[in-house]
Amino acid sequence: QVQLVESGGGLVQPGGSLRLSCTASGSIFSIKNMGVGWFRQAPGKERELVADISPGDSTKYADSVKGRFTISRDNAKNTVFLQMNSLEAEDTAVYLCSLRGTLKDYWGRGTQVTVSS
């Protein structure tokens, strides 16, 4: 079995920052060969790819978060991070981590991010 656990979400004011973590455990011994994406989903909206990092550490970002969010990884800890700065109300959503395996993708349960004054 594979478990993905996201953490670091919470309530923050506009302009604030949060750092999300996604840690893999179980049958995943290493994520070094796996691409990882951070997605978000707000009520009434479709799931959106926010940021992606490849096994070679190349990155992609949604236009709405470029310059504000940074995705990174620590393969030794089987963890991927999403640093979120200059948060806006429009960033409010459940943020989910997805690991792209050889045969299937793995998903966490998500962590809530709420940006409100």
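Caption draft 1: A look at the sheet that holds strand β7 (residues 69-74). Reading across the sheet, the four strands line up as β1-β3-β8-β7 and stay open at both edges, with antiparallel pairing between neighbours. Each edge of the open sheet is held by one strand with a lone partner, namely β1 (2-7) and β7. Ignoring strand direction, the axes of neighbouring strands in this sheet form an average angle of 15 degrees. Looking at chain direction, β7 and strand β8 (residues 79-84) are connected through six bridges and run antiparallel. Counted as the bridge partner of Ser-72 is Phe-81 from β8.

Caption draft 2: Quick look at the side chain of Arg-68. With respect to the helices, strands and loops of the structure, Arg-68 is situated in the loop between β6 (59-61) and β7. Assessed through its relative accessible area of 11%, Arg-68 is described here as buried.

Caption draft 3: Just the environment of Thr-70, in detail. On the secondary structure map, Thr-70 appears in strand β7. For Thr-70, a relative accessible area of 43% translates into the label partly exposed. Separated by 13 residues in the primary sequence, Thr-70 and Asp-57 place their C-alpha atoms 12 Å from one another. With sequence-adjacent residues up to four places away left out, Thr-70 is seen in contact with Tyr-61, Phe-81, Leu-82 and Gln-83.

Caption draft 4: Seen up close, the nonpolar core. Counting 29 residues, the largest nonpolar core has Trp-38, Phe-69, Leu-82, Met-84, Tyr-95 and Leu-99 as its most contacted members. Looking at this core, the elements that each hand over two or more residues are β3 (18-26), β4 (35-41), β5 (48-53), β7, β8, β9 (93-100) and β11 (111-115).

Procedures and definitions
- The numbers attached to residues start from 1 for each chain and follow its sequence in the written order.
- With pLDDT at 70 or above as the cut-off, local features in this predicted model cover only qualifying residues; side-chain atom pairs require 80 or more to be listed or tallied, and sums for whole chains, interfaces and linings still use all residues.
- Excluded from the side-chain calculations are hydrogens and water; all other atoms, namely the structure's heavy atoms, are used.
- Only strands joined by at least two bridges in the DSSP assignment are considered to pair.
- Helix and strand assignments follow DSSP, with helices taken as H or I runs no shorter than four residues and strands as E runs no shorter than two, numbered in order from the N terminus.
- To obtain an axis, a line is fitted to C-alpha atoms, over the contacting stretch when the element is a helix, and the angle between two such axes runs from 0 to 180 degrees between their N-to-C directions.
- Summary of the burial criterion: residues with accessible area below 20% of their type's maximum are buried, those above 50% are exposed, and those between are partly exposed, where the area comes from a 1.4 Å probe applied to protein chains only.
- Contacts are assigned to residue pairs with any non-hydrogen atoms lying within 4.5 Å of each other.
- To qualify as a nonpolar core, a set must consist of buried Ala, Val, Leu, Ile, Met, Phe, Trp, Tyr and Cys residues joined through side-chain atoms within 4.5 Å.

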